[in-house]
Amino acid sequence: MVGLLLATVVFAVIVALGCAVLLGVIAAPLFASLQLAESRRFSTARWGTVSLAGSALGLGSALLLHRYGVALPVLLLPLALTWAGPAALALTPASRTALGGAAGRHE
């Protein structure tokens, strides 16, 4: 009975850690991109798409490296790619509406 309880707790902790990691590499960069785009009056749809594409590329490349048996510290490098969208937006000045996209009246 103790083994079943221990297995349940360990499973819950592993799932919680996995959700926290996914939150940090998908939802947090998306939220940061949307907040930065809105504050600069850029298109939130464009920068949301850029952020989600960066998250997909980062997670996909980390999965690909994991399948080839790469060490754990190297696997963390592609996860930095998930923050490429917010980083690019943070470096873009508000006056560059051609690059950032102007927010429409509906946004």
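This structure is a prediction, so every number in the text was calculated from the model and none was measured.

Participant: Is there a simple way to think about a nonpolar patch on the surface in this case?
Facilitator: Residues Leu5, Val9, Val13 and Leu17 make up a contiguous nonpolar surface patch of about 380 Å² in total accessible area. The topology assignment puts Leu5 in helix α1 (residues 2-39).

Participant: Teacher, can you tell me more about the confidence of the model for the protein here?
Facilitator: Low-confidence regions, as indicated by low pLDDT, have predicted coordinates that should not be scrutinised in detail. When pLDDT is averaged across the protein, the result is 87; 91% of the residues are at 70 or more. Across the protein, the element-wise mean pLDDT spans from 66 in helix α5 (residues 97-100) up to 92 in α1.

Participant: Would you take a moment to explain the side chain of Ser51 for this structure?
Facilitator: Relative to the helices and strands, Ser51 is located in helix α2 (residues 44-67). Accessibility expressed as a relative area gives 0% for Ser51, which makes it buried. Of note is the side chain of Ser51, whose polar atom sits 3.3 Å from the backbone oxygen of Pro29. For Ser51, the contacting residues outside a window of four places in its chain are Pro29, Leu30, Ser33, Thr82 and Pro86.

Participant: Where do I start with the packing of α1 against helix α4 (residues 84-91) in this structure?
Facilitator: Helix-helix packing is characterised by the crossing angle of the two axes and by the distance between the axes. Following both chains from N to C, one finds α1 and α4 inclined at 20°, their axes separated by 8 Å at the closest point. Considering the angle they form, α1 stands roughly parallel to α4. The two elements α1 and α4 cross, and the hand of that crossing is left-handed. On α4, the residues touching Pro29, Ala32, Ser33, Leu36 and Ala37 of α1 are Gly85, Pro86, Leu89 and Ala90. When grouped by side-chain class, the residues that make up the contact of α1 with α4 number 7 nonpolar, 2 polar and no charged.

Participant: How should unusual backbone geometry be read in this particular structure?
Facilitator: Backbone geometry follows two general trends: most residues other than glycine have a negative phi, and most peptide bonds adopt the trans configuration. In the Ramachandran plot, Arg41 falls in the positive-phi region, its phi being about 60° despite a non-glycine side chain. Mapped onto the secondary structure, Arg41 falls in the loop between α1 and α2.

Participant: Hey, could you run me through α1 in this one?
Facilitator: One turn of the α-helix equals 3.6 residues, which is why residues spaced by three or four share an orientation. Between its first and last C-alpha atoms α1 spans 53 Å; for 38 residues at 1.5 Å apiece the expected length is 56 Å, and the two agree. If you check which residues of α1 are buried, you get Val25, Pro29, Ala32, Ser33 and Ala37. Structurally, α1 contributes buried residues whose contacts are with α2 and α4.

Cut-offs and rules
Residues numbered from 1 in each chain as written. Predicted model: local features only at pLDDT ≥ 70, side-chain atom pairs only at ≥ 80, totals over all residues. Heavy atoms only, no water. Patch = residues over 30% accessible without salt bridge, like charges linked within 9 Å, V, L, I, M, F, W, Y side chains within 5 Å. Areas by Shrake-Rupley, 256 points an atom, 1.4 Å probe, with all protein chains shown as cover. Salt bridge = Lys/Arg side-chain N within 4 Å of Asp/Glu carboxyl O. Helix = DSSP H or I, 4+ residues; strand = E, 2+ residues; numbered from the N terminus. pLDDT = per-residue confidence, 0-100. Buried < 20%, exposed > 50% of the residue type's maximum accessible area, 1.4 Å probe, protein only. Polar contact = N/O pair within 3.5 Å; in protein donor to acceptor, adjacent residues only side chain to side chain. Contact = heavy atoms within 4.5 Å. Axes fitted to C-alpha atoms, helices over the stretch in contact; angles between N-to-C directions. Parallel < 35°, antiparallel > 145°, perpendicular 65-115°, else oblique. Left-handed = near helix turned anticlockwise from the far one by under 90°. Nonpolar A, V, L, I, M, F, W, Y, C, P; charged D, E, K, R; others polar. Expected span 1.5 Å × (residues − 1).

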